[in-house]
Amino acid sequence: MSSAIKPTNVARVTMLMSSNLLMNDIRSNSVDLLKVQNQLSSGLKLARPSDSPAEATTIMHLDSLLERQNQYLNNIGFTLDYLASTDTALGQAVDLAVQAHDLAVGSVGTATDDDGRRANALIIDQIIEQIVSIANNTARGSYIFGGQNSTQPPFEAYAGGVLFTGSLDQLQTRVADGNVVGFSVNGNDTFGSVSSRIYGIADLDPDITTDTLLSDLDGYLGQGIRSGSIRISDGTDISTIDLSGCVTVGDVINKINAEAPAGTTAAIGPDGSSLQISSVVPGANVTVTESGGGYMAQDLGIYDPVGSGATLTGQDVDARLSLTTPVTALAGGAGIDTTSGLLITNSMLDSIPAVDLSSATTLGDILSAINNAGIAARAEINAAGTGINVFNLLSGSRMSIGENSGTTATDLGIRSFGADSQLSDFNGGRGVYTEGSVIRITDRQGASYDVDLTGAQTVQDVIDAINNATGGNVVASLTASGNGIELSNTVGGSGNLSVTTLSDNGYFVAQQLGFYTDEGDGMSVVSDTLTGEDTNYIMPNGLFSHLIALRDALLANDDQDIEIAANAIDTDRQTLSSMHGMVGSRVLALENRKTHLEDNILAAETLRSDIRDIDFTEAITRYQNLYTALQANLTAGSLLTNISLLDFLS
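Computed from a predicted structure; not experimentally measured. (Residues numbered from 1 in each chain as written. Predicted model: local features only at pLDDT ≥ 70, side-chain atom pairs only at ≥ 80, totals over all residues. Heavy atoms only, no water.)

A. The arrangement of the sheet that holds strand 24 (residues 497-501) in detail. If you trace the 4 strands from one edge of the open sheet to the other, you get 20-19-24-27, paired in antiparallel fashion. Lying at the two open borders of the sheet, with one neighbouring strand each, are strand 20 (448-452) and strand 27 (523-525). Here the average twist between neighbouring strands, direction ignored, is 15°. Looking at chain direction, strand 24 and strand 27 are connected through 3 bridges and run antiparallel. The residue bridging L497 from the neighbouring strand is V525, located in strand 27. (Pairing = 2+ DSSP bridges. Helix = DSSP H or I, 4+ residues; strand = E, 2+ residues; numbered from the N terminus. Axes fitted to C-alpha atoms, helices over the stretch in contact; angles between N-to-C directions.)

Pasting the structure below:
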């Protein structure tokens, strides 16, 4: 900026030129003075980007960087508050778990005292209530154990148990460019509030349809469908077809039919799981290759650079299940039994009618019917997209999924007591002890059959062992309604049909298999049919279930169950302690990241200030110089206007 006082009394010039020189000097000084005034009032060097494009670009870049970093700092602050509340809640839960464990240990082996154990059971009830309250703690208005469903309490005392309504998905936040971290603690991992899944053992293997999304296909190479172009030849003509804009299988078929060589068409293959391309041109040899180095043809299972005639039958593109998968497409196009429905029970809830699936047209309809049946169950498509899983959400309650005189549960692969069910999973994970175990079955004519279960690992193994031992006089099978092993007397007679444990190895194997009454091991009926109970129940295996089991064991004066519950609660305490430690490590890591981010923000702000902000001392000095120059110009101008011709005559 110029601050010099420019001469206006230049010799041998006209008055007009002198006046113009004066006005230019005054105007220039005024503009410079205004710029300095604006800088002093705003504190900024630049009033607009055009003042210095290079510096303005740098400032805008730093502004954007600081905006992101400050948002990341806010995210970290929120996360630290969230984890601080989680840390406090876990510490309180650990203390209560220790209290419950000590109470249980103190009750084992003591003299039976109904009143004392009832009092202890009341204390356990209070501990359950306190832990439910802790599990519903909030941070900044969000429920800390609710996962992504953090706007409502994740736990609820319900029907004598504890119902989990939260999400298993973790909350996430961005703490740096390209760095997203999960920070919420899973309510199931912490409190064991959801059962181990009833894993769908059946691959529902859906057929593809014209409406099947390409994104729902694993593709022949197992890499999904990667968009691109393909070349199709009938042996004479060749077409390059861009399939990158296709969304569904139908789009692919329509595109090929529109652009392939004349007489060449595409359709879904006769197996329902692949594409087929055919040509009606005499002597045609259909080949398909990639175009542009992509993988579209290979992913679609139709890559064949050699060909084998007029018809090219592709490979299985392995469709994944989705909510829109038609029921008729399941099981390779055979569909499933939707007429019979499912019998789903939860021991703490009132019995409900069979879940009606008769109106289900898609897999989403089936899942909705289960989830909305009011039985504290959650059904979902598994991660691989091959079947469905079902959870029991009610801690302390035993869930069972059985048939309603049909094959629906088996077709879906979710029957909890099926032929392939592992005996090691029975009785809440305690299993069925089969080594050296023998049960005795007596038919109604009084004949007895000793069944050695040694080596049996599945329900089908047990059924086969019984049928082999009885020679068909008593036939074992899965019950057609509900769950359990059913024994059918086929020889007549008027006596009792019964089953008891014969071995004396200390294990009541008949009871473990579901053949028991309130009196204990074994069952006996005056009927041709005897049906055992479902002992392969599904229940959450966590703190709430174990506390409820302890309460019930105290009320029942059952030392063995009290001890089992005490050991389980101690394991839960260890889990809580581990989660507590994990939260502490997350807090430490985030504190370190916060410190590092604050240092980066300070450095960026300093750099931006050096470029953007004015030096007030220097600006004030310039202002004074410009003001002095303006005054001088005005004074010189006033003198100039008073000069006449007489001033030059002397």
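Once you've had a look at it, read on.
B. Highlighting the packing of helix 2 (residues 53-107) against helix 11 (residues 543-556). Interhelical geometry of helix 2 versus helix 11 gives an angle of 30° and a closest axis separation of 11 Å. Taken together, the axes of helix 2 and helix 11 lie roughly parallel to each other. As helix 2 runs across helix 11, the sense of the crossing is left-handed. Between helix 2 and helix 11, the contacting residues are A97, A100, L103, A104 and S107 on the first element and L543, L547, L550 and L554 on the second. Class assignment of the residues belonging to the contact of helix 2 with helix 11 gives a composition of 8 nonpolar, 1 polar and no charged. (Parallel < 35°, antiparallel > 145°, perpendicular 65-115°, else oblique. Left-handed = near helix turned anticlockwise from the far one by under 90°. Contact = heavy atoms within 4.5 Å. Nonpolar A, V, L, I, M, F, W, Y, C, P; charged D, E, K, R; others polar.)

C. Highlighting empty space enclosed by the protein. Taken as a whole and judged by the stated rule, the model has 1 cavity of 30 Å³ or more. One number sums up the size of the largest cavity: a volume of about 40 Å³. Along its surface, the largest cavity is lined by D203, D205, P206, D218, D318, A319, R320, A384, G385 and T386. (1 Å grid on protein atoms, 1.4 Å probe; cavity = no way out; pocket = protein on both sides within 12 Å on 5 of 7 lines; lining within 4 Å. Points joined across faces, edges and corners; volume = space filled by probe spheres on them.)

D. Region of interest: the pattern of salt bridges. Evaluated as defined, the whole model comprises 12 salt bridges. Here R608 and D63 are joined by a salt bridge, their closest N and O atoms 2.7 Å apart. Of the two residues, R608 sits in helix 12 (residues 559-612) while D63 sits in helix 2, which places them 545 residues apart along the sequence. R608 sits in the buried class, given a relative accessible area of 16%. The partner of D177 in a salt bridge is R68, and the shortest N-O contact between them spans 3.3 Å. (Salt bridge = Lys/Arg side-chain N within 4 Å of Asp/Glu carboxyl O. Buried < 20%, exposed > 50% of the residue type's maximum accessible area, 1.4 Å probe, protein only.)

E. Representation of unusual backbone geometry within the structure. Even without being a glycine, A159 presents a positive backbone phi close to 55°. You can call A159 partly exposed: its relative accessible area is 41%. The phi torsion at S405 lies on the positive side, around 65°, for a residue other than glycine. Tracing the chain through its elements places S405 in the loop between strand 18 (399-404) and helix 8 (408-412).

F. Structural detail: the side chain of S233. Structurally, S233 can be placed in strand 8 (residues 229-233). Engagement of the side chain of S233 in a polar contact is seen with the backbone nitrogen of G235, the distance being 3.0 Å. Residues in contact with S233, not counting those within four places in the same chain, are I238, N285, V286 and T287. (Polar contact = N/O pair within 3.5 Å; in protein donor to acceptor, adjacent residues only side chain to side chain.)

G. Quick look at the packing of aromatic side chains. Considering all chains together, one arrives at 10 aromatic pairs under this definition. Measuring from centroid to centroid gives 5.8 Å for F78 and Y82, while their planes differ by 45°, and the two rings are tilted. Of this pair, F78 and Y82 both sit in helix 2, 4 residues apart, which is roughly one turn of that helix. On the accessibility criterion, F78 (24% relative accessible area) is partly exposed. Taking the relative accessible area as the measure of exposure, Y82 reaches 0% and is therefore buried. Seen from their ring centres, F155 and F191 are 5.5 Å apart, and the 80° between their planes marks the pair as edge-to-face. Taken together, the residues span a long stretch of sequence, with F155 in strand 3 (residues 155-158) and F191 in helix 4 (residues 187-191) at a distance of 36 residues. When its relative accessible area of 3% is taken as the criterion, F155 is described as buried. (Phe/Tyr/Trp six-rings, centres within 6.5 Å; stacked < 30°, edge-to-face > 60°.)

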